[in-house]
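Okay, here's what each chain looks like letter by letter:
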Amino acid sequence: MIERKLMLVSGNANRPLAAAIAKKLGIELIPATVGEFADGETQVKIDQDIRGGDVFVIQSTSPPVNQNLMELLIMIDALKRASAERITAVIPYFGYSRQDRKDQPRVPITAKLAANLITTARADRVLTLDLHAHQIQGFFDIPLDHLYAVNQLVTYLKRRHLRNPVIASADVGGVKMARRFAAYIGADLAVVDKRRIDSRQTEVMNILGEVAGRDVLIVDDICATGGSLVEAAAALRKVGARKVYAAVSHGLLVDDALTKIESSVLEELWITDSVFLPKSKRTPKIKVISIAQLLAEAVKRIHHDRSISALFKH
Ligand code: R5P
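Residues numbered from 1 in each chain as written. Predicted model: local features only at pLDDT ≥ 70, side-chain atom pairs only at ≥ 80, totals over all residues. Heavy atoms only, no water.

Trainee: Would you take a moment to explain the sheet that holds strand β7 (residues 144–147) for this structure?
Mentor: Strand pairing in a sheet relies on backbone hydrogen bonds. The paired strands run either parallel or antiparallel. Reading across the sheet, the 5 strands line up as β1-β4-β5-β6-β7 and stay open at both edges, with parallel pairing between neighbours. Of all strands in the sheet, those bounded by a partner on one side alone are β1 (6–10) and β7. Within the sheet, the average angular offset between the axes of one strand and its neighbour, ignoring direction, is 20°. In terms of strand pairing, strand β5 (residues 86–91) meets strand β6 (residues 125–129) through 4 bridges, oriented parallel. Bridging from a neighbouring strand, Val90 pairs with Leu127 of β6. Together, β1, β4 (54–58) and β5 form the strand contacts of helix α2 (residues 65–81), whose direction differs from that of β5 by roughly 165°. The sheet strands contacting helix α8 (residues 292–303) are β1, β4, β5, β6 and β7, and the helix crosses β6 at an angle near 155°. (Pairing = 2+ DSSP bridges. Helix = DSSP H or I, 4+ residues; strand = E, 2+ residues; numbered from the N terminus. Axes fitted to C-alpha atoms, helices over the stretch in contact; angles between N-to-C directions. Contact = heavy atoms within 4.5 Å.)

Below, the structure written as structure tokens:
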């Protein structure tokens, strides 16, 4: 039997993460030119023979979302036409995921559309992390492996020695994620009952659970404008929480998120490196926890047709 060669290639969304994954796997990234034509069209050229390869293309569809999504699609097309044997789209952060249902008249379901585009480009599989909603897995008609950053974030949490900790879900939809964190450290659960006013503003309606005098860790999948976290932290302090921390899988940190977080009551915000955070956006309050090892292990297991469920054990 011919063994397919493991190959990694990266778009521009998060090259440091791709390089870290390659390093953990002890291989070099396949060189690829991913740029733009003068008119703004994405230009891709895979600069090495990849015929017959088991190729993993690493690209979060993070801001600039449209550009990064197009890069991913065009890279998959280039790899397919260059005779890759199998293509796995490694999407640490899957953008367009928040529009995942038709909850108002005349709105799209962009998560399904993005899944269709990736499938139509002819990816064979998808590897992703902490999807906004679990049902998005079903939007793909190809195999999808879904990882969780909980292990990495909880390892960090344990080092912080929170006093009588409570894990708070940032909204009702995030309870499942919060429960997973709580189970890891045997902590109690609280829920922030949040109402979204518009795409940039939220309002906290209620806090469910006992938080007075205790350290609270808010968990969420995404921090975009920072509005949800900052509002939630303020509401938790108002009802007596001692210190409030936050752990978020995908730190998009758009608009004035940094200013909001810096001037908020949050002690610290822990995010993963699923989305590239430039030096200019790093502040002492923001701690970046790498998921390179988790993704490298998952890539290795997929390549060798081994189960990845062992990665979820704690
Ligand atoms: C919403 O359902 C998500 O889980 C996040 O809470 C939300 O995307 C955060 O957005 P922002 O930081 O803009 O409030």
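Trainee: Explain the pattern of salt bridges here, please?
Mentor: Any two side chains of opposite charge can pair if their charged atoms end up close together. A full pass over the atoms with the stated rule returns 16 salt bridges. Put simply, Arg86 and Asp54 hold a salt bridge, and the shortest N to O gap is 2.9 Å. In this pair, Arg86 is assigned in strand β5 and Asp54 in strand β4, connecting sequence segments 32 residues apart. Summarising the burial analysis for this pair, Arg86 and Asp54 share the class buried. Lys260 is paired through a salt bridge with Asp256; the nearest N and O atoms lie 3.5 Å apart. Since its relative accessible area comes to 39%, Asp256 is described here as partly exposed. It is possible to trace a salt-bridge network through shared partners that takes in Asp54, Arg86 and Asp305. (Salt bridge = Lys/Arg side-chain N within 4 Å of Asp/Glu carboxyl O. Buried < 20%, exposed > 50% of the residue type's maximum accessible area, 1.4 Å probe, protein only.)

Trainee: Looking at this structure, I do not really get the packing of aromatic side chains. What am I missing?
Mentor: Aromatic ring pairs are described here by two measures, namely the spacing of the ring centres and the angle between the planes. The tally for this structure, following the rule as stated, stands at 3 aromatic pairs. Looking at Arg180, its charged tip hangs above the ring of Tyr148, at a distance of 3.9 Å from the centre. (Phe/Tyr/Trp six-rings, centres within 6.5 Å; stacked < 30°, edge-to-face > 60°. Lys NZ or Arg CZ within 6 Å of the ring centre and 35° of its normal.)

Trainee: Teacher, can you tell me more about the layout of surface pockets here?
Mentor: Considered as a void within the structure, the largest pocket measures approximately 1,500 Å³ in volume. Around the largest pocket sit 47 residues that line it, and Arg98, Gln99, His132, Arg196 and Ile222 are the ones nearest its centre. Within the residue set of the lining of the largest pocket, elements represented by two or more residues are α5 (175–185), β9 (188–196), β11 (216–223) and α6 (227–238). At 4 residues, β11 tops the list of elements feeding residues into the lining of the largest pocket. Considering only residue class, the lining of the largest pocket consists of 16 nonpolar, 17 polar and 14 charged. (1 Å grid on protein atoms, 1.4 Å probe; cavity = no way out; pocket = protein on both sides within 12 Å on 5 of 7 lines; lining within 4 Å. Points joined across faces, edges and corners; volume = space filled by probe spheres on them. Nonpolar A, V, L, I, M, F, W, Y, C, P; charged D, E, K, R; others polar.)

Trainee: What's the story with unusual backbone geometry in this structure? I'm lost.
Mentor: Apart from glycine, the bulk of residues carry a negative phi angle, and the bulk of peptide bonds sit in the trans form. That bond from Pro63 to Pro64 is cis: its omega, -5°, falls within 30 degrees of zero. Position of Pro64 among the secondary structure elements: in the loop between β4 and α2. Its identity is not glycine, yet Arg106 carries a phi of approximately 60°, on the positive side. Mapped onto the fold, Arg106 is located in the loop between β5 and α3 (110–120). A positive phi angle is found at Arg122, which is not glycine, with a value near 85°. With respect to the element layout, Arg122 can be found in the loop between α3 and β6.

Trainee: I keep staring at the site of the ligand and nothing clicks. Help me out?
Mentor: Not every one of the 14 residues close to the ligand is listed here, only the nearest: Arg98, Asp220, Asp221, Thr225 and Ser228. Note that an oxygen atom of the ligand is positioned 2.5 Å from one of the side-chain N or O atoms of Asp221. Considering the ligand on its own, with 380 Å² of exposed area, one finds that the protein chains cover 92% of that surface. Most atoms of the ligand, that is more than half of them, are within 2 Å of grid points of the largest pocket. Going through the elements one at a time, β9, β11 and α6 are the ones with two or more residues in the shell around the ligand. In terms of residue class, the shell around the ligand is built from 3 nonpolar, 5 polar and 6 charged. (Near = heavy atom within 4 Å. Polar contact = N/O pair within 3.5 Å; in protein donor to acceptor, adjacent residues only side chain to side chain. Areas by Shrake-Rupley, 256 points an atom, 1.4 Å probe, with all protein chains shown as cover. Sits in = over half its atoms within 2 Å of the grid points.)

Trainee: Any chance you could explain α5 here in plain terms?
Mentor: Along α5, the positions that sit buried rather than exposed are Val175, Met177, Ala178, Phe181, Ala182 and Tyr184. Gly186 sits one or two residues past α5 and shows a positive phi near 65°.

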